[in-house]
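One-letter residues, chain by chain:
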Amino acid sequence: MIIAPSLLAADPGRLAAETQRAQRAGADWLHVDIMDGHFVPNLSFGPAVVQRLRPLARLTFDVHLMCSRPELLLEPFAKAGANNLTVHVELGDRVMTSLWKIRSLGVKVGLAINPPTAIGNVLPYLEHLDLLLIMTVNPGFGGQPFIDETLPKIQQAARWRRERAWRYRIEVDGGIDLTTAAECARAGADTFVSGTALFHRRNLRAAVHQMRRVVQQAGRHAPHSKAKHTP
Ligand code: DX5
Ligand code: ZN
């Protein structure tokens, strides 16, 4: 199980210290949301921020591009030190070229899907993925409530992975707290992005530890759970 605090909920005036805090807290990944003010109505970080933070921690930098033209940004973020690059399936016929580009940059390949988009849209790409990111809120802002209707999508993604012996991680992002993380783990998720419920806690270490315990417990009740995935 991977716990990935989301930098969007960190103190924006202290990103370096917050990155180190995530590492000290025992997090596995640092989730970095990139917003372009077009694909989503908000702005966040550019490659220079990732480049600055990268040497401060051994954490995997999990870069989630909520951008209309990710093809412009893949190489800059890979060069800045991203370990995972995730683009959105809503880009339609430009998805496959982005996935190949990510692969060619030597980083892990991720695909994200928004709550209103049917899960069948990711099916043609699943065999190429290291990571399927199922958005559990509409992207753009932290602190939104979890959308329950996304749970069947997690179950379907887990079913496909089981049936076809594919190996992508199933990551959830948005409104993830101890309760919703457990629900997602039972549905088959193994990678948990959480902003508000982690970074807003004074004791981040305790928060990460609690979330890990809860999802490990709940994951035992997931269909065919096997801890076969590595970070
Ligand atoms: C939403 C982002 C999330 C966000 C999650 O657009 O993709 O990564 O930081 O924040 P919380 O956990 O506060 O919902
Ligand atoms: Zn995200």
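Structure: above.
In this text, all values refer to a predicted model and were calculated from it rather than measured experimentally.

Conventions and cut-offs
Residues numbered from 1 in each chain as written. Chains lettered and ligands numbered in written order. Predicted model: local features only at pLDDT ≥ 70, side-chain atom pairs only at ≥ 80, totals over all residues. Heavy atoms only, no water. Axes fitted to C-alpha atoms, helices over the stretch in contact; angles between N-to-C directions. Helix = DSSP H or I, 4+ residues; strand = E, 2+ residues; numbered from the N terminus. Parallel < 35°, antiparallel > 145°, perpendicular 65-115°, else oblique. Left-handed = near helix turned anticlockwise from the far one by under 90°. Contact = heavy atoms within 4.5 Å. Nonpolar A, V, L, I, M, F, W, Y, C, P; charged D, E, K, R; others polar. Core = buried A, V, L, I, M, F, W, Y, C linked by side-chain atoms within 4.5 Å. Buried < 20%, exposed > 50% of the residue type's maximum accessible area, 1.4 Å probe, protein only. Salt bridge = Lys/Arg side-chain N within 4 Å of Asp/Glu carboxyl O. Arc of directions from axis to C-beta. Pairing = 2+ DSSP bridges.

A. Representation of the packing of helix α6 (residues 178–187) against helix α8 (residues 204–219) within the structure. One can describe the packing of α6 onto α8 by two numbers: an axis separation of 8 Å at closest approach and a directional angle of 30 degrees. By the criterion of interaxial angle, the relationship of α6 to α8 is roughly parallel. Remark: the crossing between α6 and α8 carries right-handed chirality. In this structure, α6 uses Leu-178, Ala-181, Ala-182, Ala-185 and Arg-186 to contact α8, whose residues at the interface are Gln-210, Met-211, Val-214, Val-215, Ala-218 and Gly-219. A breakdown of the residues in the contact of α6 with α8 according to their chemical character gives 8 nonpolar, 2 polar and 1 charged.

B. Molecular detail of the packing of helix α5 (residues 151–164) against α6. Where α5 contacts α6, the axes come no closer than 8 Å and their chain directions differ by 35 degrees. Note on element contacts: α6 touches α5 through Glu-183, Cys-184 and Ala-187, opposite Leu-151, Ile-154, Gln-155 and Ala-158. In the contact of α5 with α6, the residues fall into 5 nonpolar, 1 polar and 1 charged.

C. Highlighting the nonpolar core. Among the nonpolar cores identified, the biggest contains 69 residues, and Leu-85 and Phe-192 are the most heavily contacted of them. Among the elements that take part in this core, α8 stands out by supplying 6 residues, more than any other. Residues within four places of Phe-192 in sequence aside, it is in contact with Met-1, Ile-2, Ile-3, Ala-4, Val-172, Ile-176, Ala-181, Cys-184, Ala-185 and Val-215. With 5 residues, the next largest nonpolar core counts Ala-4, Trp-29, Leu-131 and Val-193 among its residues.

D. The pattern of salt bridges, seen in detail. One pass over the structure, following the stated rule, counts 8 salt bridges. When the shortest N-O distance is used, the salt bridge between Glu-75 and Lys-101 registers 3.4 Å. Placement of the pair is Glu-75 in helix α3 (residues 74–80) and Lys-101 in helix α4 (residues 95–104), with a sequence separation of 26 residues. Overall, Glu-75 belongs to the partly exposed group, its relative accessible area being 33%. The exposure class assigned to Lys-101 is partly exposed, which follows from its relative accessible area of 30%. Residue Asp-190 is joined to Arg-161 by a salt bridge in which the shortest nitrogen-to-oxygen separation is 2.7 Å. Of this pair, Asp-190 sits in the loop between α6 and β8 (191–194) while Arg-161 sits in helix α5, and the two are 29 residues apart along the sequence. With a relative accessible area of 10%, Arg-161 lands in the buried category.

E. Examining α4 more closely. Of all the residues in α4, the buried ones are Val-95, Ser-98, Leu-99 and Ile-102. Here the buried residues of α4 occupy an arc of 100 degrees about the axis, which is enough to place them on one side. What points out from α4, more than 90 degrees from its buried face, is the exposed set Thr-97 and Ser-104. Contacts from the buried residues of α4 go to α3, β4 (84–88) and β5 (108–113). Just downstream of α4 lies Gly-106, where phi reads positive at about 80 degrees.

F. Broad picture of the sheet that holds β5. Strand order in the open sheet made by the 8 strands is β1-β8-β7-β6-β5-β4-β3-β2, with parallel pairing throughout. Two strands in the sheet have a free side with no partner beyond their single neighbour: β1 (2–5) and β2 (29–35). When the angles between neighbouring strand axes are averaged without regard to direction, this sheet yields 20 degrees. Sheet analysis places strand β6 (residues 131–135) next to strand β7 (residues 169–173), joined by 5 bridges and oriented parallel. Note on β7: the bridge partner recorded for Ile-134 is Val-172. Against the sheet, α5 makes contact with β5, β6 and β7, and its axis sits at roughly 170 degrees relative to β7, the strand it touches most.

Keep in mind these values describe shape, not function.
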